[in-house]
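Next come the chains, spelled out residue by residue.
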Amino acid sequence: MSEDARLVAWVRGHVQGVGFRWFTRARALEIGGLSGFALNLADGRVQVVAEGPREGCQGLLDWLQGGDTPGRVDGVTEIWDTPRGGYDGFAVR
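Residues numbered from 1 in each chain as written. Predicted model: local features only at pLDDT ≥ 70, side-chain atom pairs only at ≥ 80, totals over all residues. Heavy atoms only, no water.

> Report on the UniProt feature "active site" (unreviewed entry) in the chain, specifying residues and quantitative values.
UniProt records the feature "active site" (unreviewed entry) at Arg21 and Asn40, using the numbering of this structure. Taken along the chain, the residues just named run across 20 residues; in space they keep tight, none of their C-alpha pairs more than 7.7 Å apart. Checked against the element boundaries, Arg21 lands in helix H1 (residues 20-31). Residue Arg21 is classed as partly exposed on the basis of its relative accessible area of 24%. Setting aside its immediate chain neighbours within four residues, Arg21 contacts Ala38, Leu39, Asn40, Val46, Val92 and Arg93. Residue position: Asn40 is located in strand S2 (residues 35-40). Among the residues examined, Asn40 registers a relative accessible area of 27% and is labelled partly exposed. In contact with Asn40, not counting residues within four places along its chain, are Val15, Gln16, Arg21, Arg45, Val46 and Arg93. Within the structure, the side chain of Asn40 is placed 3.4 Å from the side chain of Arg21, a separation counted as a polar contact. (UniProt positions renumbered as here; feature names shortened; annotations may be inferred. Helix = DSSP H or I, 4+ residues; strand = E, 2+ residues; numbered from the N terminus. Buried < 20%, exposed > 50% of the residue type's maximum accessible area, 1.4 Å probe, protein only. Contact = heavy atoms within 4.5 Å. Polar contact = N/O pair within 3.5 Å; in protein donor to acceptor, adjacent residues only side chain to side chain.)

Pasting the structure below:
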């Protein structure tokens, strides 16, 4: 049985204006079982919140940290927590 988790990640680099949020949503949907959102922040970062099976959240984090994202990722800071719920699918905000 898979443990559910909440991942909050802040992605630094050239990640706005390059389709980063859209591709993050597409990757989350491809992984399956994840809900949450990707949001542009005023300081140029993208915040990603994902809830679901821990393995799925880890897969999304691995993708965010990998070299296959649009734009350029300089770093990712993440926090793990217990799910809070309240998300309907995975949204681009």
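Back to the write-up after that little detour.
> Pulling in residues and values, what's your account of the pairing of strand S1 (residues 4-14)?
One face of the sheet, then the other: side chains in a regular strand alternate in exactly this way. Direction of pairing for S1 relative to strand S3 (residues 46-53): antiparallel, over a ladder of 8 bridges. Within the sheet, the bridge partner assigned to Asp4 lies in S3 and is Pro53. (Pairing = 2+ DSSP bridges.)

> Requested: an account of the nonpolar core, with residues and values cited.
Counting 18 residues, the largest nonpolar core has Val11, Val48, Leu60, Leu64 and Phe90 as the members making the most contacts within it. Elements that contribute at least two residues to this core include exactly S1, H1, S3 and helix H2 (54-65). Examining the composition of this core, we find that 5 residues originate from one element, H2, more than from any other. In this structure, Val48 is in contact with Leu7, Val8, Ala9, Val11, Thr24, Phe37, Ala38, Leu60, Leu64 and Phe90, ignoring residues within four places of it in sequence. By size, the runner-up hydrophobic cluster in this structure holds 5 residues, among which are Trp10, Phe37, Leu41 and Val49. (Core = buried A, V, L, I, M, F, W, Y, C linked by side-chain atoms within 4.5 Å.)

> Any chance you could break down the sheet that holds S2 for me, citing the residues and the numbers?
The 5 strands lie next to each other as S4-S1-S3-S2-S5, forming an open sheet whose pairing is mixed. In the strand order of this sheet, the two ends are held by strand S4 (72-81) and strand S5 (90-92), each with one partner. Neighbour to neighbour, the strand axes of the sheet diverge by 15° on average, direction disregarded. Note that S2 and S3 share 6 bridges and pair antiparallel. Looking at S3, one finds that Gly36 is bridged to Ala50. (Axes fitted to C-alpha atoms, helices over the stretch in contact; angles between N-to-C directions.)

> Kindly report on the side chain of Gln47, identifying the contributing residues and their values.
Inspection of the secondary structure assignment puts Gln47 in strand S3. By relative accessible area, which is 16% here, Gln47 ends up buried. Non-local contacts of Gln47, meaning those with residues more than four positions away in its chain, are made with Val8, Ala9, Trp10, Phe37, Ala38, Leu39 and Leu41.

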